[in-house]
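Close look at the chain arrangement
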Amino acid sequence: MSVYKGSIRGIVQMNHSADETRASLAANLRYFAKWSLIALLIGGIGGLIGSLFSMGVSFATNFRLAHPWMLYFLPVSGILIVWLYHTFHEEGNRGTNMVIESISSNEHVTPATGPLIFISTILTHIAGGSSGREGAALQLGGSLGSLIGNVIHLDEKDKKIAI
């Protein structure tokens, strides 16, 4: 009789373990589906914005090459960029460092980061200034991930992943 009770206990434990495995698998599939949709959303919008950014920088560079006198507007471009950052209260915006630190700390990416870096980089290129595209692209993506994370009400942990 004791062998029989032990066998039933083992079967019950196996069924319980199988239920836990199914529940764990279902939770993982929901997590995968959730992040697949979020990634498609951020990637699709990010790809569109990235394409517009690339076209804007190319246009600005080609325009400046065709009009070398645009170099004289570099100080005006700089003043305009400072004015934009001041107007949107982004004087303390630390750019790429802010985005990177927002992933591992409580720092937040401000909503104005993306549009400001988009416009500032194009203004810099059109006037003949030197600015990279990679840091700007990182800031655009981080700003977009943060914005979408806020819009769809992600918690802080998930928002860091989105950024």
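These numbers were taken from a predicted model, which means no experiment stands behind them.

1. Considerations on the environment of Ile-45
Checked against the element boundaries, Ile-45 lands in helix H1 (residues 2–66). Taking relative accessible area as the criterion, Ile-45 reaches 32% and is therefore assigned partly exposed. C-alpha of Ile-45 to C-alpha of Gly-145: the two residues are 100 residues apart in sequence and 9.8 Å apart in space. Apart from the residues within four sequence positions on either side, Ile-45 is in contact with Leu-144 and Ile-148.

2. Brief notes about helix H2 (residues 74–87)
If you check H2, its first and last C-alpha atoms are 20 Å apart, about what 14 residues at 1.5 Å a residue would give, namely 20 Å. Taken residue by residue, H2 has Ser-77, Ile-81, Leu-84 and Tyr-85 as its buried positions. Along the axis of H2, the buried positions cluster into a sector of 95°, meaning they face one direction only. The exposed residues of H2 that point more than 90 degrees off its buried face are Pro-75, Ile-79 and Val-82. For H2, the elements touching its buried residues are helix H4 (113–126). Just downstream of H2, His-89 is the residue with a positive phi angle, here 55°.

3. Notes on the layout of surface pockets
Taken as a whole, the largest pocket holds about 250 Å³ of empty space. Forming the walls of the largest pocket are 14 residues, and the residues nearest its centre are Ile-49, Gly-114, Pro-115, Leu-140 and Leu-144. Residue assignment for the lining of the largest pocket shows that the elements contributing at least two residues are H1, H4 and helix H5 (134–151). In terms of residue count, H5 provides more of the lining of the largest pocket than any other element does, 6 residues in total.

4. Section: the nonpolar core
Inside soluble globular proteins, nonpolar side chains tend to come together where they are buried. Counting residues in each nonpolar core, the largest one holds 15 residues, and the members touching the most others are Phe-53, Tyr-85, Leu-116 and Ile-117. Ranked by residue count, the leading element in this core is H4, at 5 residues. Excluding anything up to four places from it in sequence, Tyr-85 contacts Glu-90, Glu-91, Asn-93, Leu-116, Ile-117 and Ser-120. Trp-35, Ile-42, Leu-144 and Leu-154 belong to the second-largest nonpolar core, a separate cluster that totals 7 residues.

5. Brief notes about the packing of H2 against H4
Two elements in contact, H2 and H4, have axes whose closest approach is 9 Å; the angle formed by their N-to-C orientations is 170°. If you check the angle between H2 and H4, you find them roughly antiparallel. The segment H2 lies against H4, with Leu-74, Ser-77, Leu-80, Ile-81, Leu-84 and Tyr-85 engaging Leu-116, Ile-117, Ile-119, Ser-120, Leu-123 and Thr-124. Residues that form the contact of H2 with H4 fall into these classes: 9 nonpolar, 3 polar and no charged.

Reading the values: the criteria
- Residues numbered from 1 in each chain as written.
- Predicted model: local features only at pLDDT ≥ 70, side-chain atom pairs only at ≥ 80, totals over all residues.
- Heavy atoms only, no water.
- Helix = DSSP H or I, 4+ residues; strand = E, 2+ residues; numbered from the N terminus.
- Buried < 20%, exposed > 50% of the residue type's maximum accessible area, 1.4 Å probe, protein only.
- Contact = heavy atoms within 4.5 Å.
- Expected span 1.5 Å × (residues − 1).
- Arc of directions from axis to C-beta.
- 1 Å grid on protein atoms, 1.4 Å probe; cavity = no way out; pocket = protein on both sides within 12 Å on 5 of 7 lines; lining within 4 Å.
- Points joined across faces, edges and corners; volume = space filled by probe spheres on them.
- Core = buried A, V, L, I, M, F, W, Y, C linked by side-chain atoms within 4.5 Å.
- Axes fitted to C-alpha atoms, helices over the stretch in contact; angles between N-to-C directions.
- Parallel < 35°, antiparallel > 145°, perpendicular 65-115°, else oblique.
- Nonpolar A, V, L, I, M, F, W, Y, C, P; charged D, E, K, R; others polar.

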